[in-house]
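Notes for the structure review
Chain by chain, the residues run as shown.
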Amino acid sequence: MSEALANLLNETRQFPPPAELAAHANVTVDAYAEADADRLAFWAKQADRLAWSKKWDEVLDWSNPPFAKWFVGGQLNVAYNCLDRHVEAGRGDKVAIHWEGEPGDTRTITYADLHELTCRAANALTDLGVTAGDRVAIYLPMIPEAAVAMLACARIGAAHSVVFGGFSADSLSNRIQDASAKVVITADGGYRRGKPSALKPTVDEAVANCPSVEHVLVVRRTGEEVAWSEKDLWWHETVETASAEHTAQPFDAEHPLFILYTSGTTARPKGILHTTGGYLTQASYTTHAVFDLKPETDVYWCTADIGWVTGHSYIVYGPLSNGATQVMYEGTPDTPHKGRFWEIVDRYGVSILYTAPTLIRTMMKWGEDIPAGFDLSSLRLLGSVGEPINPEAWMWYRQHVGRGELPVVDTWWQTETGSIMISPLPGVTAAKPGSAMAPLPGIVADVVDDQGQSVPNGGGGYLVLREPWPSMLRTIWGDDNRFIETYWSRFEGMYFAGDGAKKDDDGHIWLLGRVDDVMLVSGHNISTTEVESALVSHPSVAEAAVVGATDPTTGQAIVAFAIPRGSTDIAGEAGEQLIADLRNHVSKTLGPIAKPRQIMLVPELPKTRSGKIMRRLLRDVAENRSLGDVTTLQDSSVMELISSGMSGAK
Ligand code: 6R9
C-alpha cells in the first residue's frame, strides 16, 4: 500500500458519561496515569484481583520477543478463580447463569451448582485419561454444559479448543487434528431457528479422520436419534454420575489454557494459543473496567456464541472470575419473534448488554418499534464488538435501546489479543459514535504509516501494539514461525493487527476495517468502513457492505450492497431512485472519489457465524466470479439471493 489509508469521515458528536455512572465507576481517569507511570506495576495490581496459589517472581519476561511470559513463576487455577473462591466466600447461592433455551426452557444455575457440575466433569475427564497438557475439542450449542466443559478442562489443566457449532465436518476435523485432541465434547444437537439442529452427525464424520480422538462425550439436548459408536459416551451417564469432589491443582501462569482457531482469509486456520495467568488477569480486569460490572447488582448479558473469542473472555472467564450474574441464550434473535432479545432483557432485568454491530443493524432494519415494545429500563450500559460500528448504528443503539442516555462502549480487540484493548471507559470517556476511542490503561496502541512511523493526529494507517500485554497470544499452535511472520514481521518490534485505523484531530482511534479490504480507487486508498458508514447514515439504509471490484478505468471501483430499512419501498422506480439518492449521499458525505460505481439493494449480507461481513464473497459477485469457499457462512442461501439479484445489473 503506497499511501496512508484515506481519512474521510468526519464525526463530531460526543457523549460524556452519565454523572451517576461516573460518580460510582469501578475505574476512574487515574488508571491511565497509574499505568503510564509503571505499566508492569499496574498489571501486577490487576493480577492481584485473582487468587494465586503461588505469587509470581517476575511480572513480564520479554527477553525473547515476541515470545512473552507473564507472571513468571506464579501459579493459579482458572476454574478455582471462576468458581471455588466465590463459593468459599459464601456466594454459592448467587445465580451465575440464567440460561434460556431457544424453545423457551430455562435453567437457573448458581455458583455452587456450576462448581459442582464442573467438578463432576473434571473427574469424568480425568477418568477418561485426560491429563494436564492434553487437548479437548468442544463442539456444543449455547447450553450451560459449554461453560462447564471449558471450566472442567481449565480445572485439570487440559487446553480446550472450542469449535463453532456451525462449522462443517471438514473444519472440525482439521481443528481436531491440528491440536491432536484426545476427547471431543459435543451434543446430539441444539435449537436454531425454531427447530433442532443436529451436531452429532458432523462430529461422527469429523472423528472418522481423527485417530487422536479416544472418546466422544455427548450431551443430550434435543433428544433426537443419534448414531452411536464405541468411542461415544453420554454426558449424563458419565459426568453426572462422577464424583462432585474435586480439588483444583494450581498450574503455572504460562500453562496453556486454550487454543482457538481464527478462520482468517487463508485456507489453513491459525490455532491461537492463550495461557493461564496473563489471560485471566486481563479478561477479568477488562470486564470490571469496561463494563463497570458490579457483581452484587448487575445482570450482565453477552450475546456472543461461546465458539467465538468473545464468548470465551466475556461469557466464561471475565464475568465468572468477577462473580457476575449473567444471562446465556441458546438461539437466534428472531425466534419465535423479532423481539426475543428485548423480551430477555426485560425478563431478567439485564443491566449490561454486550452485542455486535451486525445485530444492532439487523434491529435497525426491523425497526425501533420492536425494542419500544419492551421494558428496557434495567439497562445501564451498552457494549459493541466484532466490527467497526457505524456512527448511525451507534446512535440508534444509544437512542432506541439506551433511552438516549446510556453509554455505549465500542470495544476493539481480537482472538489474538485475548481481551479488550481499545475502548472507552464508561465512567470516564466522552465517547464519539463509531470510535473505539483510546487504548485501555496498560495498553500501548498506535497508528503507523508504511514505514512504521507514528502518524500525526488526523492521519491514517495501520493499527499496531507497541508493548506486550498480559492476554496476548503466546504463539500459533505448533507454528512459531507463522506466529512471527503473521504478527511481528510487518513492523520491527510491533504487533501488526491487520486492521486499518485513523487518529482524529483529538488523537482518538477509529477502526477502518481489515487492511485486506481497503479499496484502491484511482490511486486513493478508501476504507470500506467509511463508505459503509456513509450509506448507513442515510435514513433508508439499515446495513451495507462495500467492496472494491476490478475496474478498467479506476483500478478498483466501489461496489456497494445495501439492505433497506424495514418500511422502505424499493419496488421498481422507487428502488432506482433510492440507488441514485444513495450514490449522491455518499458523494456528498465523503467526497466524489468515494461515490460507488454501483449499488445493489439486497435482503441480506453474507456473514460469518460471528457476524462479520464476508467481503471476499461479495467481491466474487461484483467481479462475476464463481463463489469461493462458503462453508463458514452463517446462512449459505444468502449468496444465491444476492447473486440472482446481481444478474442483469450494470
Ligand atoms: C473480538 C473479535 C477480530 C477483528 C479485528 C477487527 C474486527 C473487532 C472491533 C473490530 C472495529 C471493533 N473488530 N472488534 N473492528 N471495531 N470494536 O471480534 O475477535 O473474531 O478475532 O476478530 O474483528 O477487524 O481485527 P475476532
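Here the structure is a predicted model, which means the values were calculated and not measured. In this convention, every chain numbers its residues from 1, walking through the sequence in written order. At least 70 in pLDDT is required for a residue's local features to be given in this predicted model, at least 80 for side-chain atom pairs to be given and counted, and no such filter applies to totals for whole chains, interfaces and linings, which use all residues. Excluding hydrogens and water, the side-chain values take into account all heavy atoms of the structure.

1. What to know about unusual backbone geometry
With an omega of 5°, the peptide bond running from Pro-65 to Pro-66 counts as cis. Omega for the peptide link from Thr-335 to Pro-336 comes to 0°, which places this bond in the cis form. With a phi close to 55°, Phe-71 is a non-glycine residue in the positive phi region. Runs of H or I in DSSP of at least four residues are treated as helices and runs of E of at least two as strands, each being numbered from the N terminus. Tracing the backbone through its elements, the reader meets Phe-71 in strand β2 (residues 67–72).

2. Here we look at the packing of helix α4 (residues 78–91) against helix α5 (residues 111–127)
Here an angle of 0 to 180 degrees is reported between the N-to-C directions of two axes, which are lines fitted to C-alpha atoms, with helices fitted over the stretch in contact. Interhelical geometry of α4 versus α5 gives an angle of 140° and a closest axis separation of 9 Å. Comparing their axes, α5 and α4 come out oblique. For the crossing formed where α4 meets α5, the hand is left-handed. When α4 is examined against α5, the residues Cys-82, Leu-83, Asp-84, His-86, Val-87 and Arg-91 are found in contact with a partner set consisting of Tyr-111, Ala-112, Leu-114, His-115 and Thr-118. Orientation categories follow fixed angle ranges, with anything under 35 degrees roughly parallel, anything over 145 roughly antiparallel, 65 to 115 roughly perpendicular, and all other angles oblique. Two helices crossing with the near one rotated counterclockwise from the far one by less than a right angle form a left-handed crossing, whereas a clockwise rotation gives a right-handed crossing. Between two residues, a contact is recorded if the distance between any of their heavy atoms is within 4.5 Å.

3. Things to note about the UniProt feature "binding site: CoA" (unreviewed entry) in the protein chain
UniProt positions are given in the numbering used here, feature names are shortened, and annotations may be inferred rather than shown by experiment. Listed under "binding site: CoA" (unreviewed entry) in the UniProt record, and renumbered for this structure, are Arg-192, Arg-193, Gly-194, Lys-195, Thr-310 and Ser-522. Separation in sequence by 331 residues is matched in space for these annotated residues, since their most distant C-alpha atoms are 49.3 Å apart. If you trace the backbone, Arg-193 turns up in the loop between β9 (189–192) and β10 (195–198). A simple rule labels every residue: compare its accessible area, found with a 1.4 Å probe on the protein chains alone, to the largest value its type can have, and call it buried under 20%, exposed over 50%, or partly exposed in between. A residue is classified by how much of its surface remains accessible, and Arg-193, at 42% relative accessible area, is partly exposed. Residues within four places of Arg-193 in sequence aside, it is in contact with Glu-102, Thr-332, Asp-334 and Thr-335. Here Ser-522 shows up in the loop between β26 (519–521) and β27 (524–526).

4. Here we look at the sheet that holds strand β6 (residues 135–139)
Here the rule is simple: two strands pair whenever DSSP picks up at least two bridges between them. Spatially, eight strands are ordered β12-β11-β8-β6-β7-β14-β15-β23 in an open sheet, and the strand pairing comes out mixed. Both outer strands of the open sheet, β12 (232–234) and β23 (475–476), are each paired with one neighbouring strand and no more. In this sheet, β23 lies alongside strand β15 (residues 270–275) in antiparallel orientation, the contact comprising two bridges. Paired with Leu-273 across the bridge in β23 is Thr-475. In the packing of helix α6 (residues 144–156) onto the sheet, the strands contacted are β6, β7 (159–162), β8 (183–187), β11 (215–219) and β14 (256–262), and the crossing angle to β6 comes to about 175°.

5. Things to note about the site of the ligand
Around the ligand sit 17 residues in total, of which Trp-308, Asp-410, Thr-411, Thr-415 and Asp-499 are the nearest. Identification of polar contacts relies on pairs of N or O atoms within 3.5 Å, with a donor-acceptor requirement for protein atoms, meaning one able to donate a hydrogen and the other able to accept it, and with residues adjacent in sequence counted only if both atoms are side-chain atoms. Here a nitrogen atom of the ligand and a backbone polar atom of Gly-386 are 3.1 Å apart. Thr-411 is positioned with one of its backbone polar atoms (N or O) 2.8 Å from a nitrogen atom of the ligand. Throughout this document, a residue counts as near a molecule or strand when at least one of its heavy atoms sits within 4 Å of that molecule or strand.

6. What about the packing of aromatic side chains?
Under the pairing criterion, centres of Phe, Tyr and Trp rings, with the six-membered ring standing for Trp, must be within 6.5 Å; the plane angle then separates stacked pairs below 30 degrees from edge-to-face pairs above 60, leaving the rest tilted. Summed over the entire model, instances satisfying the criterion amount to 31 aromatic pairs. Plain terms: the ring middles of Trp-70 and Phe-71 are 5.8 Å apart, the flat faces sit at 50° to each other, and that makes the pair tilted. Of the two residues examined, Trp-70 and Phe-71, each falls in the buried class. Joined through ring pairs, the aromatic side chains of Trp-62, Phe-67, Trp-469, Phe-483, Tyr-487, Trp-488 and Tyr-495 make up one cluster. The positively charged end of Arg-175 is found above the aromatic ring belonging to Phe-167, 4.6 Å away from the centroid. Charge-over-ring placement is defined geometrically: NZ (Lys) or CZ (Arg) within 6 Å of the ring centre, and within 35 degrees of the ring normal.

7. Section: the UniProt feature "domain: AMP-binding enzyme C-terminal" (unreviewed entry) in the protein chain
The positions UniProt marks with the feature "domain: AMP-binding enzyme C-terminal" (unreviewed entry) are residues 530–612. Annotation note: span residues 530–612, helix share 31%, strand share 30%, distance between end C-alpha atoms 16 Å.

8. A few points about the nonpolar core
The set of buried Ala, Val, Leu, Ile, Met, Phe, Trp, Tyr and Cys residues whose side-chain atoms join them within 4.5 Å is what this entry labels a nonpolar core. Counting residues in each nonpolar core, the largest one holds 135 residues, and the members touching the most others are Ile-185, Phe-291 and Tyr-317. The biggest single contributor to this core is α6, with 10 residues. With near-sequence residues (within four places) excluded, Phe-291 lies in contact with Thr-286, Tyr-300, Tyr-314, Ile-352, Tyr-354, Arg-380, Leu-381, Val-409 and Ile-420. Within the second largest apolar cluster, 52 residues are counted, among which are Trp-301, Val-345, Ala-562 and Val-586.

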